[in-house]
Amino acid sequence: MIKYCLPFALGTLLLQGCVTSTVDEMVFNEPVEGIGDATVVILGRRHASDYETEPDFIECVGDHISSRDKTITVVDEIEFVNSLYPWFEPRTAPLHPADIERLLEQEPVAERMRELKTEYMIWIDGVTVRSDSAGSMTCGIGPGGAGCFGFGTWSNDSNYEAVIWDFTDRAEVGRVNTTASGQSYMPAVVVPIPIIAPVQGTACDGIGDQLLEFLSSEY
Amino acid sequence: MRSMITAPDNRLFSAVLVLTAMLLAGCGPTHVKVEGNFPAPLMEPVPLKLGVWYPEEFATHEFFDEAKSRRESSWVVNTGDAQVAMWDTLLSGMFSELTHMKGRPSPSQMNQVVDAVLIPSVDELQYAIPQHTNVKVYEIWMRYRFELVTVRGKPIAEWTMSAYGKTPTAFLRSDQAAVNLAAVMALRDAGANFATNFTRVPEVAAWMQSKPARRGAAAATAPGAKASPVNESAGGQAGAERQEDSK
């Protein structure tokens, strides 16, 4: 089994493009003993007109945190937004920690929050965009078979910022910013060989690690 | 012997028929029936017995390529069922009692007894797809018109409200799925806008203030709804205008 897996794993590693990543962090009031049985919710900002934070990126950061520290419960974004409809829609979502106070004046909302035991609310704003595409590729099909020939390259750039709100103190307690960029290539001689730079995945790991350091007592 | 000859002919005929049907199906417009799950609103119910009447054109609402007629359009998006599903869920959770009226309120129409009847309609709908804008986002913008009337059809309030939904293009997501998601987002936004601004509509606020039993309800729907109705309405309109600007 290992004899088949090892070349595949090596091949996968070799066929990944390079990514450059930077992470900036600024946090206050870190919970030194972890968050106990409280929960964390990670939400994407979606009120900009020209982009929206990808739901799969939010899921990736949540999985990154909960898989590395099993004691941290990350509430699913869709489940949270649906259970508090209509207060976390792009139109109505709180933009500042002070808005939470106004939201909790509604008894059903306050009760649902108590049920969910949400201690930290993390808002992630940003997007991964593709830029600088170049090259061309031609594919054809005939009686003898099919194939492609050419070369394509493109770069991806990620820029995300996570803002941490302390739900109990109704205050912002941290900000983590990550940028990542990488170049992907796709040479094709009969078969296209994608060499993809995992830009969004690197940004996810970068922001996830910093959030984990803030939330977890083990890191 | 004869049957041995005719059997392959029947199969051939069936195959040609199926192929023709498939080819003809490919020529017709692509229908997208908007489907989604709409959550119930989390709020103190407004103490009103509300009736609702969905006009035929609202319950069967659809839109298609505006540059062509319905027959020529290569796609048709049916939003009627999703509209009714969303508004039923929203209004049921938002008001203490919801009743579907038997007919459009009028002096001659026999109907159930309720405090007021809401009649929604889609006034205008605009959409943008990546082929139009070169931006990798599907967008749907709707303007609703609401009439709040008595059981006998006497007007209480009439106002418009905008809703906006967008979804970015995504790898392995079909155009149909993207349009469906944008429509669901627009419907959710409509629900959020209505739920947070209903009691801020000046005529509605004035009507509710005029009823002593309903006096406390005006503050129940939205946080920050304790300010004067006129100011709140202005805030709501500003929100609507902001959405329109983003178009």
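This text goes with the structure placed above it.
Residues numbered from 1 in each chain as written. Chains lettered and ligands numbered in written order. Predicted model: local features only at pLDDT ≥ 70, side-chain atom pairs only at ≥ 80, totals over all residues. Heavy atoms only, no water.

**A closer look at unusual backbone geometry**
Comment: phi is negative for the bulk of residues other than glycine, and the bulk of peptide bonds are trans.
Point 1. Of the consecutive residues A:Y85 and A:P86, the connecting peptide bond is found in the cis state with omega at 5 degrees.
Point 2. Residue placement: A:P86 occurs in the loop between helix 3 (77-83) and helix 4 (98-103). (Helix = DSSP H or I, 4+ residues; strand = E, 2+ residues; numbered from the N terminus.)

**Considerations on the nonpolar core**
Most often, soluble globular proteins keep nonpolar side chains buried together rather than apart.
Point 1. Counting residues in each nonpolar core, the largest one holds 76 residues, and the members touching the most others are A:F88, B:W87, B:Y144, B:L148 and B:F194.
Point 2. Ranked by residue count, the leading element in this core is helix 5 (residues 175-197) of chain B, at 10 residues.
Point 3. Beyond its immediate sequence surroundings of up to four residues, B:F194 is in contact with B:W87, B:L90, B:L91, B:M94, B:F95, B:L118, B:F146, B:W159 and B:M161.
Point 4. Counting residues in hydrophobic clusters, the runner-up holds 26 residues, among them A:Y120, A:V173, A:A203 and A:C204. (Core = buried A, V, L, I, M, F, W, Y, C linked by side-chain atoms within 4.5 Å. Buried < 20%, exposed > 50% of the residue type's maximum accessible area, 1.4 Å probe, protein only. Contact = heavy atoms within 4.5 Å.)

**A short note on the state of the cysteines**
Point 1. The full count for this structure, using the stated rule, is 2 disulfides over all chains.
Point 2. For chain A, numbering the cysteines in disulfides from first to last along the sequence yields the connectivity 1-4, 2-3. (Disulfide = S-S within 2.5 Å.)

**Re the pairing of strand 4 (residues 75-78) of chain B**
All names here are of chain B.
Point 1. Sheet analysis places strand 1 (residues 30-33) next to strand 4, joined by 4 bridges and oriented parallel. Each bridged residue has a counterpart across the sheet, and for K33 the counterpart in strand 4 is N78.
Point 2. Strand direction decides the pairing type here: strand 3 (residues 62-64) and strand 4, joined by 3 bridges, are antiparallel. Note that in strand 4 the partner of E62 across the bridge is N78. (Pairing = 2+ DSSP bridges.)

**A short note on the packing of helix 2 (residues 55-68) of chain A against helix 6 (residues 199-215) of chain A**
Residues and elements named next belong to chain A.
Point 1. Two elements in contact, helix 2 and helix 6, have axes whose closest approach is 9 Å; the angle formed by their N-to-C orientations is 45 degrees. Taken together, the axes of helix 2 and helix 6 are oblique relative to one another. For the crossing formed where helix 2 meets helix 6, the hand is right-handed. Contacts between helix 2 and helix 6 involve D56, F57, C60, V61, H64, I65 and R68 from the former and Q200, A203, C204, D205, I207, G208, D209, L211, L212 and L215 from the latter.
Point 2. Grouping the amino acids of the contact of helix 2 with helix 6 by side-chain chemistry returns 10 nonpolar, 3 polar and 4 charged. (Axes fitted to C-alpha atoms, helices over the stretch in contact; angles between N-to-C directions. Parallel < 35°, antiparallel > 145°, perpendicular 65-115°, else oblique. Left-handed = near helix turned anticlockwise from the far one by under 90°. Nonpolar A, V, L, I, M, F, W, Y, C, P; charged D, E, K, R; others polar.)

**Observations concerning the sheet that holds strand 2 (residues 46-52) of chain B**
Residues and elements named next belong to chain B.
Point 1. Strand order across the open sheet formed by 5 strands is 5-2-6-7-8, with mixed pairing between neighbours. Two strands lie at the open edges of the sheet, namely strand 5 (95-100) and strand 8 (155-168), each paired on one side alone. On average, adjacent strands in this sheet sit at an angle of 30 degrees to one another, irrespective of strand direction.
Point 2. In terms of strand pairing, strand 6 (residues 116-128) meets strand 7 (residues 137-149) through 11 bridges, oriented antiparallel. By the bridge assignment for strand 7, I119 is matched with E147.
Point 3. Contacting strand 2, strand 5, strand 6, strand 7 and strand 8, helix 3 (residues 80-94) runs over the sheet at an angle of about 140 degrees to strand 5.
Point 4. Along the sheet, helix 5 contacts strand 5, strand 6, strand 7 and strand 8; its crossing angle with strand 8, the most-contacted strand, is approximately 145 degrees.

**Structural notes on the pattern of salt bridges**
Point 1. Taken as a whole and judged by the stated rule, the model has 17 salt bridges over all chains.
Point 2. A salt bridge links A:D99 to A:R102; the shortest N-O distance between them is 3.8 Å. Of the two residues, A:D99 and A:R102 are both situated in helix 4; the distance of 3 residues between them amounts to about one turn of the helix.
Point 3. Given a relative accessible area of 40%, A:R102 falls into the partly exposed group.
Point 4. The salt bridge involving A:E101 is made with A:R170; its shortest N-O contact spans 3.0 Å. Taken as a pair, A:E101 in helix 4 and A:R170 in the loop between strand 5 (145-166) and strand 6 (171-192) lie far apart in primary sequence, 69 residues in all.
Point 5. The partly exposed category is assigned to A:R170, whose relative accessible area is 27%.
Point 6. A network of salt bridges, in which partner residues are shared, links B:D123, B:E124, B:R143, B:R145 and B:E158. (Salt bridge = Lys/Arg side-chain N within 4 Å of Asp/Glu carboxyl O.)

**Focus on empty space enclosed by the protein**
All names here are of chain B.
Point 1. By the definition in use, this model includes 1 cavity of 30 Å³ or more.
Point 2. If you add up the space inside the largest cavity, you get close to 30 Å³.
Point 3. Lining the largest cavity are F63, T79, Q83, L125, I140, M142, A183 and L187.
Point 4. Elements with a contribution of two residues or more to the lining of the largest cavity: strand 7 and helix 5. (1 Å grid on protein atoms, 1.4 Å probe; cavity = no way out; pocket = protein on both sides within 12 Å on 5 of 7 lines; lining within 4 Å. Points joined across faces, edges and corners; volume = space filled by probe spheres on them.)

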